[in-house]
Amino acid sequence: MRIAVVDTRGIPLMPCTPAKARHLFKSGLARPKRNKLGLFYVQLCYEQEPENQPLVAGVDPGSKFEGYSVVGSKDTVINLMVEAPDHVKEAVETRRSMRRARRSRKWRRPKRFDNRLNCKKRIPPSTRSRWEAKARVIAQLCKILPIGSVVVEDVQAVTREGRGRKWNALFSPVQVGKEHLYRRLCEMGLSVYLLQGYQTKELRAYYGLKKTKSKSKQSFDSHAVDAWVMAASESGADHPTCTRLWYMVGVQPHRRQLHRLQASKGGERKPYGGTRSLGLKRGTLVKHAKYGLCTVGGFGRIRKTISVHAYRTNKRLTQGARVKDCRILTWVAFRSWFVAKKQPKPFSKEGHPPHSTKKGTPLSSPA
C-alpha cells in the first residue's frame, strides 16, 4: 500500500511506503495528518519541488455504493468503497410538509419576493447531492494525490423513443446528474474519460479479475475492482499491487430546525438540531478518556454535556460526556476505516479443518 504525501505548502507529491513514512516521523521531518475523508497522509516539514508521475482515478458510480481507485503506471495507491447519500429525498419531503403545516397555522400575507423555481434551471436536491458527492471525493483526493485524469463509467439513462429524439434524455435524473458531474470534474482541471458498462466487463476479463454479486460486501471485488480496471486502462498498470480497501460513510448532521417535528406535552415546541455542540462542530473526531475514539453528537442544554458516538457504527455511547474529557483531533466529513483482511482458516494435512477442543477445557490439560 502507499501513503499520500504533501509538502509544507500543501502541494501533493508522489505517495510513499509505510516504512518511509515511519522513517520521516522518527526523524522529525514530517507530521501525520488526516483530511476530510478521514484518510491518513503525511505532511513534510519543508518545501519540495514536485516530480510527480501522473496518477489516474477510476470512478464506479452506483445507487447504494460507489467504488474509487487511484492507480499509477505500476502501483495501486488507494481503493475506496463509499456509501452513496440517499437521505436527501426524504429530508426535503419532511421539510416541505412541516413548512406547509407551519404556514397554515399563521395568517396570510402578501409574498415578499418571487421565490418560484418553475422558470429557473436547477437540479433536484436528491440528484444534486448524489452526484456532487462523487465530485467532493475526487476533490479531496486531488488535495493529497497528484491526480491528472479521471475515468468514469458512463451510466446509461433509461429513455423512451420520441418524435425524432429520445423522449426523456434531457430531464432524466441520471442524465442530468452525470452531466453535472462531468462539468464539475472538468472545472477542476482534470481530463475526463468515459467508458461504457460492457467495456468495463471486457477490461475485467482482460486483467483476469472477477466481481462479486454481493454489492454490499466490503471487499475489493465488489465495486473497487471496476474502478481499478478503468484507471489501469489509462495509466498502464498490469495488475493490482494492493487490494486493501478503505470503507467510507458520509456524516449526516441534524441541521438546525425551528423546533421538533412533534410538539411535547402542553403544546411546547422545543428547538432541535444544529451543527455546534458547546463550541465543538458536530462530527468532530475526538479521543475520550473512557470511550476512546469517537465523534461528537448533540448536547444537553441543562447539564452542559455532549453526546459521543462510536466512530464506525455511529451508535451513541453516552449523553453525559464533558468537553474537558475529550481531546480534539480533527473534523471529518466522512467516517472511514481500513477494512481488515480476512485470514484464511487453517486446514490439516488431510485438507479438513482441525477439530476444536471441548468447551471450557484448556489446551494443555487432558480431555
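Residues numbered from 1 in each chain as written. Predicted model: local features only at pLDDT ≥ 70, side-chain atom pairs only at ≥ 80, totals over all residues. Heavy atoms only, no water.

Focus: the overall build of the protein chain
And step 1. Looking only at helices and strands, the protein chain features six helices and 18 strands.
And step 2. The contacts of the protein chain with a sequence gap of at least 6 include a subset with a gap of at least 24, amounting to 59%.
And step 3. Here the protein chain has roughly 23600 Å² of accessible surface; of this, 52% comes from carbon and sulfur atoms. (Helix = DSSP H or I, 4+ residues; strand = E, 2+ residues; numbered from the N terminus. Contact = heavy atoms within 4.5 Å. Areas by Shrake-Rupley, 256 points an atom, 1.4 Å probe, with all protein chains shown as cover.)

Things to note about the packing of aromatic side chains
And step 1. Taken as a whole and assessed by the stated rule, the structure comprises five aromatic pairs.
And step 2. When the ring of Y207 is compared with that of W228, the centres are 5.1 Å apart and the planes differ by 80 degrees; the resulting orientation is edge-to-face. Of this pair, Y207 sits in helix α5 (residues 197–207) while W228 sits in helix α6 (residues 224–235), placing them 21 residues apart in sequence.
And step 3. The buried category is assigned to Y207, whose relative accessible area is 17%.
And step 4. Ring pairing ties together the aromatic residues Y206, Y207 and W228, which thus form one cluster.
And step 5. K134 extends its terminal NZ or CZ atom over the ring of W131, reaching a point 4.4 Å from the ring centre.
And step 6. In this arrangement the basic side chain of K281 is found over the ring face of W331, its NZ or CZ atom lying 4.0 Å from the centre. (Phe/Tyr/Trp six-rings, centres within 6.5 Å; stacked < 30°, edge-to-face > 60°. Buried < 20%, exposed > 50% of the residue type's maximum accessible area, 1.4 Å probe, protein only. Lys NZ or Arg CZ within 6 Å of the ring centre and 35° of its normal.)

What to know about the sheet that holds strand β6 (residues 65–71)
And step 1. On the basis of which strands lie adjacent, the open sheet formed by seven strands has the order β9-β8-β5-β6-β7-β10-β18 and mixed pairing. If you trace the sheet from one side to the other, it starts and ends with β9 (191–195) and β18 (334–338), each paired once. Looking at each pair of strands side by side, their axes are set apart by 20 degrees on average, direction ignored.
And step 2. Direction of pairing for strand β5 (residues 55–60) relative to β6: antiparallel, over a ladder of five bridges. Pairing of A57 across the sheet is with V70, part of β6.
And step 3. Relative to β6, helix α3 (residues 125–144) is tilted by about 25 degrees, and along the sheet it contacts β5, β6, β7 (76–83), β8 (147–153) and β18. (Pairing = 2+ DSSP bridges. Axes fitted to C-alpha atoms, helices over the stretch in contact; angles between N-to-C directions.)

Details of the nonpolar core
And step 1. Counting 31 residues, the largest nonpolar core has V70, I78, L80, I138, L141, L145 and V150 as its most contacted members.
And step 2. For this core, the secondary structure elements donating two or more residues are β1 (3–6), β5, β6, β7, α3, β8, α4 (173–187) and β10 (246–250).
And step 3. Ranked by the residues each element gives to this core, the list is headed by α3, at six residues.
And step 4. When neighbours within four sequence positions are excluded, L145 is seen to be in contact with A4, P12, P15, L55, V70, V77 and I78.
And step 5. Formed by 22 residues, the second largest nonpolar core is a distinct cluster that contains V71, M81, F220 and V249. (Core = buried A, V, L, I, M, F, W, Y, C linked by side-chain atoms within 4.5 Å.)

Here's the deal with the pairing of strand β13 (residues 284–288)
And step 1. Along β13, four of the five residues are buried, which leaves the element largely enclosed by surrounding structure.
And step 2. Examined bridge by bridge, β13 and strand β17 (residues 326–331) share five bridges and lie antiparallel to one another. Bridged to T284 within β17 is W331.
And step 3. Bridging between β13 and strand β14 (residues 292–300) involves four bridges; their strand directions are antiparallel. Across the sheet, residue V286 finds its bridge partner in β14, namely C294.

Some details on the pairing of β1
And step 1. With burial as the criterion, each face of β1 is covered, one bearing I3 and V5 and the other bearing A4 and V6.
And step 2. Across three bridges, β1 lies against strand β2 (residues 12–16) in antiparallel orientation. Directly across from V5, in β2, lies its bridge partner L13.
And step 3. In this structure, the hairpin formed by β1 and β2 is closed by a connection of five residues, where G10 is found at a positive phi of approximately 90 degrees.
And step 4. Relative to strand β4 (residues 40–44), β1 is paired through three bridges, and the arrangement is parallel. Each bridged residue has a counterpart across the sheet, and for A4 the counterpart in β4 is Y41.

Focus on the environment of V152
And step 1. In this fold, V152 is placed in strand β8.
And step 2. As a C-alpha pair, V152 and Q196 span 44 residues in sequence and 8.8 Å in three-dimensional space.
And step 3. In this view, V152 contacts V59, P61, Y182, L185, Y193, L194, L195 and M230; residues no more than four positions away in its chain are not counted.

Looking at α3
And step 1. Helix length check: α3, at 20 residues, gives a terminal C-alpha distance of 29 Å against a target of 28 Å (1.5 Å per residue), a fit within 8%.
And step 2. When we look at burial in α3, the residues that qualify are T127, S129, W131, E132, A133, K134, A135, V137, I138, Q140, L141 and I144. (Expected span 1.5 Å × (residues − 1).)

Some points on the packing of α5 against α6
And step 1. As a packed pair, α5 and α6 sit with axes 9 Å apart at the nearest point and diverge in direction by 85 degrees. The angle between the axes of α5 and α6 places the two elements in the roughly perpendicular class. Only V225, D226, W228, V229, M230, A232 and S233 of α6 make contact with α5, whose side of the interface consists of T200, L203, R204 and Y207.
And step 2. A breakdown of the residues in the contact of α5 with α6 according to their chemical character gives seven nonpolar, two polar and two charged. (Parallel < 35°, antiparallel > 145°, perpendicular 65-115°, else oblique. Nonpolar A, V, L, I, M, F, W, Y, C, P; charged D, E, K, R; others polar.)

Let's talk about unusual backbone geometry
And step 1. Not every positive phi belongs to a glycine, and L278 is a case in point at roughly 50 degrees.
And step 2. Its place among the elements puts L278 in the loop between β11 (276–277) and β12 (280–281).
And step 3. You can call L278 partly exposed: its relative accessible area is 33%.
And step 4. Even without being glycine, N314 reaches a positive phi, approximately 60 degrees.
And step 5. Tracing the chain through its elements places N314 in the loop between β15 (305–310) and β16 (316–321).

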